[in-house]
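Here are the chains, one letter per residue:
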Amino acid sequence: MSVKIEVNGDVTVAYLSGELDHHSAKPMREEIDAAIEANMPTLLVLDFKDITFMDSSGIGLVMGRYKAVSKNGAELAITNPSPQIYKVMQLAGLTRLAKIEKGGMKYETTK
């Protein structure tokens, strides 16, 4: 479990890896929140390419980061979820909160 943060202007990308479960969610959440606080992005991208497993803690992580950025008028995007994780995100309704791209698309903000 780890998070690598990259900042490019007003876009912050969090590259998540490993298992996203009740053991790893809290440290991931804290690291992403610190990056949000420090950089005040207009777009936060959560890259799930290297996530091998996700339980409901992952849904909570995404929902909490959505709340954290949207209160400042920013957007949330999710990239590269596996087909299984994408399905869980769809069922949880995360597609209403964030753009979810499976192709590693680059994001630019319109703000």
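Located above this text is the structure these notes cover.
For the structure given in this document, a descriptive report is provided here.

Criteria and thresholds
- Residues numbered from 1 in each chain as written.
- Predicted model: local features only at pLDDT ≥ 70, side-chain atom pairs only at ≥ 80, totals over all residues.
- Heavy atoms only, no water.
- Buried < 20%, exposed > 50% of the residue type's maximum accessible area, 1.4 Å probe, protein only.
- Helix = DSSP H or I, 4+ residues; strand = E, 2+ residues; numbered from the N terminus.
- Arc of directions from axis to C-beta.
- Contact = heavy atoms within 4.5 Å.
- Phe/Tyr/Trp six-rings, centres within 6.5 Å; stacked < 30°, edge-to-face > 60°.
- Lys NZ or Arg CZ within 6 Å of the ring centre and 35° of its normal.
- Pairing = 2+ DSSP bridges.
- Right-handed = clockwise from strand over helix to strand, strands pointing away.
- Salt bridge = Lys/Arg side-chain N within 4 Å of Asp/Glu carboxyl O.
- Core = buried A, V, L, I, M, F, W, Y, C linked by side-chain atoms within 4.5 Å.

What about helix H3 (residues 83-92)?
Then, in step 1: Among all positions in H3, only Ile85, Tyr86 and Met89 are buried. Taken around the axis of H3, the buried residues stretch over an arc of 105°, which confines them to a single face. Turned more than 90 degrees from where H3 packs its buried face, Pro83, Gln84 and Leu91 sit exposed.
Then, in step 2: Where the residues of H3 are buried, they touch strand E3 (43-54), helix H2 (56-70), strand E4 (75-79) and strand E5 (99-101).
Then, in step 3: Where H3 ends, the next residue or the one after it, Gly93, has phi of about 85°, a positive value.

Thoughts on the packing of aromatic side chains
Then, in step 1: Applying the stated criterion across every chain, the model contains zero aromatic pairs.
Then, in step 2: Directly above the aromatic system of Tyr15 lies the positively charged group of Lys4, at a separation of 5.6 Å from the ring centroid.

Thoughts on the environment of Glu75
Then, in step 1: In this structure, Glu75 sits in strand E4.
Then, in step 2: What makes Glu75 partly exposed here is its relative accessible area of 24%.
Then, in step 3: Measuring from C-alpha to C-alpha, the distance between Glu75 and Leu97 comes to 8.7 Å, with 22 residues separating the pair along the chain.

Focus: the pairing of E3
Then, in step 1: Bridge analysis of strand E2 (residues 11-20) against E3 gives nine bridges, and the strand direction is parallel. Considered in E3, the bridge of Leu20 is made with Met54.
Then, in step 2: Handedness of the crossover joining E2 and E3 through helix H1 (residues 25-39) is recorded here as right-handed.

A closer look at the pattern of salt bridges
Then, in step 1: Here the structure, examined in full by the defined rule, presents four salt bridges.
Then, in step 2: With a shortest N-O distance of 3.3 Å, Lys4 and Glu6 are connected by a salt bridge.
Then, in step 3: Take Lys4: its relative accessible area is 49%, and that puts it in the partly exposed class.
Then, in step 4: For Glu6, a relative accessible area of 35% corresponds to the partly exposed category.
Then, in step 5: Ionic pairing is found between Lys26 and Glu30, a salt bridge with its closest N-O pair at 3.9 Å. Taken together, the residues span about one helical turn, with Lys26 and Glu30 both in helix H1 at a distance of four residues.
Then, in step 6: Taking the relative accessible area as the measure of exposure, Lys26 reaches 48% and is therefore partly exposed.

Brief notes about the nonpolar core
Then, in step 1: Residues Ile32, Leu46 and Phe48 are the most contacted members of the largest nonpolar core, which totals 27 residues.
Then, in step 2: Residue assignment for this core shows that the elements contributing at least two residues are E2, H1, E3, H2, E4 and H3.
Then, in step 3: Other than its neighbours up to four places away in sequence, Leu46 contacts Ala14, Ile32, Leu61, Val62, Arg65, Leu76, Ala77, Ile78 and Thr79.
Then, in step 4: By size, the runner-up hydrophobic cluster in this structure holds five residues, among which are Val11, Val13, Leu43 and Ala77.

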